[in-house]
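Below, each chain spelled out in residue letters.
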Amino acid sequence: MFLLHKTIASLSASSSSPPPPPHTVYSCLFQSSHQSVRMMAALDVQVGSVRQQVAKLVKESLNATVPEVADVEPLVSACNNAKNGDYQCNNAMGIWAKIKGKDARFKNPNAIGQELARNLPESAVVESTSVAGPGFLNVVLSTLWIEQKIHQMLKHGVSCWAPVLTVERAVVDFSSPNIAKEMHVGHLRSTIIGDSIASMLEYCNVTVLRRNHVGDWGTQFGMLIEYLFEEFPNWEEIQEQAIGDLQVFYKKAKAKFDADPEFKKRSQKAVVSLQGGEEKYVLAWRQICNISRREFNVVYERLHVTLEEKGESFYHPYIAGVLKELEEKNLIEESEGARVITVPGHTIPLLVVKGDGGFNYASTDLSALWYRLNEEAAQWIIYVTDVGQSQHFDMFFKAAKRAGWLPEDESKYPKVKHVGFGLVLGTDGKRFRTRSSEVVRLVDLLDEAKSRSKQGLVDRGREGEWTPEELEDASEALGYGAIKYADLKNNRTTNYTFNFDQMLDIRGNTAVYLLYAHARICSIIRKSGKDIEELKQTGTLKLSHPSERQLGLQLVRFGEFVEDALTDLLPNTLCEYLYSLSGMFTEFYTICKVINSEEETSRLLLCEATATIMRECFKLLGITPLYRL
């Protein structure tokens, strides 16, 4: 994992280096365990995920064990079998392949594993080690350290568990609907997935530029503007009343465009006038964009998604300069009247200027990339679109490499990544559409999700117990959360079936189940009658029962699941963690009495820690938590 490996290298500075910044390990890490834990509890310092901390220790052991083997990065992962330990280092066999017959100290991989165990620095993190098979180094974390780490989080906030990433500034390009067209179910995936990726990066202290690359500059505007001028000669006086329902207006303009060749010619000329900056055309264009933008913002507000619009028109002034730079680098060639860039691995070139002199997606995307690299200083640029655009992005990225904008070594910054996703299907296995075979409007989906959720709450008697505002808020949280989670829990590269009955089920791996699980934990804490904020400051957390330690271990691993989700840009990794955490809490609560038990304070703190991490998961997935249901 590049995020982990590069971080370990940065955490392994020599003792002669300046004092480590906040994103490094505690300076007390190698003191006696009890002293270290006390120090850790007193400090609010971000040290990265638990796996990163274990890997840092392993890195030191590798340097001491085989200093002659260069660039060996620690291969640390969670143990598949809890009987072996909590984490496992799998470096021994790889090292053996490199030094076999060259180092008399080691007769086999197991001997290397044994030496790695002996050279592991003394640390408050580690309770014990063992070596199995061909040198697998198993590490058991200190239960005392886990307890203190959880208590630290409760006191200082979940931000202190954020993994350390090597990227500092990123652009996430997502949602990107077309102006004058309604947002539909196809925009749902880009919006939800992009928002989650941006939130996870922000949690890891990355500066994220959330970009909405709307389609606001193209041939369709000539058609719309010309239709506006012809049907409403007084359009400037009546303003937006002329357009009315933008979707109806668009369909009428498109019908005339397809049926009337003369209107089509006038529309094409209107595009030239718009792109030439003629005031009348620019004013009409802005009017259309403003209507569409308001409709988009209603959807974003309902989904609680934040974006900054920088559409195609924003980058239009940069296109000429970018193409000139590419020409000067001898990358642009003439081809049948058009201008293209040859890219390796493709039999067709990348078209950047059409035969009529017009620009296209590639010319706009290249200009946007140039702007993001040079003006916005982005290190990582992530594009969230459907998998059908994979070829376009591959060609466009390769053209940028030829230009020298991106390194050939994809492990180095700046980086670009296309985050592709599959289709939303109906229960019939076909592309999700209405009964009249039209694309499903996103607002209609949200309305139905809220309506169904509200009815479910009414059926459970909540209408008589809650205020109308509480019922509305809970209906939205359940309905919108159900839609988001049903999407995000699937591997984004695959198609998924949209099914209201399944996503709103109170059982199984659904947002509704998880929101109820969170509300139940909150109810346990309320029923105790204890002030949980006071317990955070005065209470002690002990993980005495195996189910308590299992839950505690899963809690402290939260950061590495965020890290893995970002390494692969797969939000479903975080969904899997959340569902697993909920199951572990159920197991703990079934076995361990909380209220009025001897361990009540400790177990209430464990309940609060679980609820806190669940809320952070909800936040990163764009779901609003509920505290009672």
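Residues numbered from 1 in each chain as written. Predicted model: local features only at pLDDT ≥ 70, side-chain atom pairs only at ≥ 80, totals over all residues. Heavy atoms only, no water.

(A) View of unusual backbone geometry. Here the amide bond leading from Y413 into P414 is cis, since omega sits at 0°, within 30 degrees of zero. Checked against the element boundaries, P414 lands in the loop between α16 (390-402) and β12 (415-421). The phi angle at S175 is positive, at roughly 75°, despite the residue not being glycine. The topology assignment puts S175 in the loop between β5 (169-173) and α7 (185-203). Look at H304: it is not a glycine, yet its phi comes out positive at around 55°. (Helix = DSSP H or I, 4+ residues; strand = E, 2+ residues; numbered from the N terminus.)

(B) Looking closely at the environment of R266. Among the structural elements, R266 can be located in helix α11 (residues 261-275). Considering only alpha carbons, one finds R266 and Y227, 39 residues apart in sequence, at a separation of 9.6 Å. The residues contacting R266, other than those within four sequence positions of it, are E226, E230 and D260. (Contact = heavy atoms within 4.5 Å.)

(C) Broad picture of the UniProt feature "domain: DALR anticodon binding" (unreviewed entry) in the protein. With numbering matched to this structure, UniProt assigns "domain: DALR anticodon binding" (unreviewed entry) to residues 514-629. The span residues 514-629 shows a helical share of 74% and a strand share of 0%, and its end C-alpha atoms are spaced 11 Å apart. (UniProt positions renumbered as here; feature names shortened; annotations may be inferred.)

(D) Geometry of the packing of aromatic side chains. Taken as a whole, this structure holds 25 aromatic pairs when the rule is applied. Ring geometry for W217 versus W285: centroids 5.3 Å apart, planes at 85°, classification edge-to-face. Placement of W217 in the loop between β6 (207-212) and α8 (219-231) and of W285 in helix α12 (residues 279-303) is noted, with a sequence separation of 68 residues between them. Classification of W217 by relative accessible area gives buried; the value is 18%. Ring pairs connect the aromatic residues F314, Y315, Y318, W370 and Y371, which therefore count as one cluster. One Lys or Arg, K280, reaches over the ring of F229 and ends 4.3 Å from the middle of that ring. The lysine or arginine in question, R557, covers the ring of Y87, its NZ or CZ lying 4.8 Å from the ring centre. (Phe/Tyr/Trp six-rings, centres within 6.5 Å; stacked < 30°, edge-to-face > 60°. Buried < 20%, exposed > 50% of the residue type's maximum accessible area, 1.4 Å probe, protein only. Lys NZ or Arg CZ within 6 Å of the ring centre and 35° of its normal.)

(E) Structural context of the sheet that holds strand β11 (residues 380-386). Taken in spatial order, the 5 strands make up an open sheet running β7-β6-β5-β11-β12, and their pairing is parallel. With partners counted over all chains shown, the strands left at the sheet margins are β7 (308-309) and β12, one partner each. Two elements, β6 and β7, share 2 bridges in a ladder whose sense is parallel. Along β7, the bridge assignment pairs R211 with E308. Here helix α15 (residues 361-374) sits on the sheet in contact with β5, β6, β11 and β12, set at roughly 150° to β11. (Pairing = 2+ DSSP bridges. Axes fitted to C-alpha atoms, helices over the stretch in contact; angles between N-to-C directions.)

(F) Spatial organisation of the pairing of β6. Within β6, 5 of the 6 residues are buried, which leaves it mostly tucked inside the rest of the structure. Pairing analysis gives 5 bridges linking β5 to β6, with the strands arranged parallel. Bridge pairing links V172 to R210 in β6. In this fold, β5 hands off to α7, which returns the chain to β6; that crossover is right-handed. (Right-handed = clockwise from strand over helix to strand, strands pointing away.)

(G) Structural detail: the nonpolar core. Formed by 166 residues in total, the largest nonpolar core has its most connected members in L201 and F558. At 12 residues, the largest contribution of residues to this core is made by helix α25 (residues 600-621). Excluding residues that lie within four positions of it along the chain, L201 makes contacts with L165, A170, V172, V206, V208, W380, I382 and L566. Ranked by size, the runner-up nonpolar core spans 34 residues in total, among them L323, I332, A378 and L406. (Core = buried A, V, L, I, M, F, W, Y, C linked by side-chain atoms within 4.5 Å.)

(H) Geometry of the pattern of salt bridges. For the structure on display, the rule yields 42 salt bridges. For the salt bridge of K310 with E308, the shortest nitrogen-to-oxygen distance reads 3.2 Å. Residue E472 pairs with K450 through a salt bridge whose shortest N-O separation is 2.7 Å. On the criterion of sequence distance, the pair formed by E472 in helix α18 (residues 468-488) and K450 in helix α17 (residues 442-459) is long-range, its members being 22 residues apart. (Salt bridge = Lys/Arg side-chain N within 4 Å of Asp/Glu carboxyl O.)

(I) Region of interest: the sheet that holds strand β1 (residues 76-78). Spatially, the 4 strands line up as an open sheet ordered β1-β2-β4-β3, and their pairing is antiparallel. Each edge of the sheet is formed by a strand with only one pairing partner; in this case those strands are β1 and β3 (126-132). The sheet shows a mean angle of 25° between the axes of neighbouring strands, taken without regard to direction. Pairing of β1 with strand β2 (residues 87-89), which is carried by 3 bridges, proceeds in the antiparallel orientation. Residue pairing in the sheet places A78 in a bridge with Y87 of β2.

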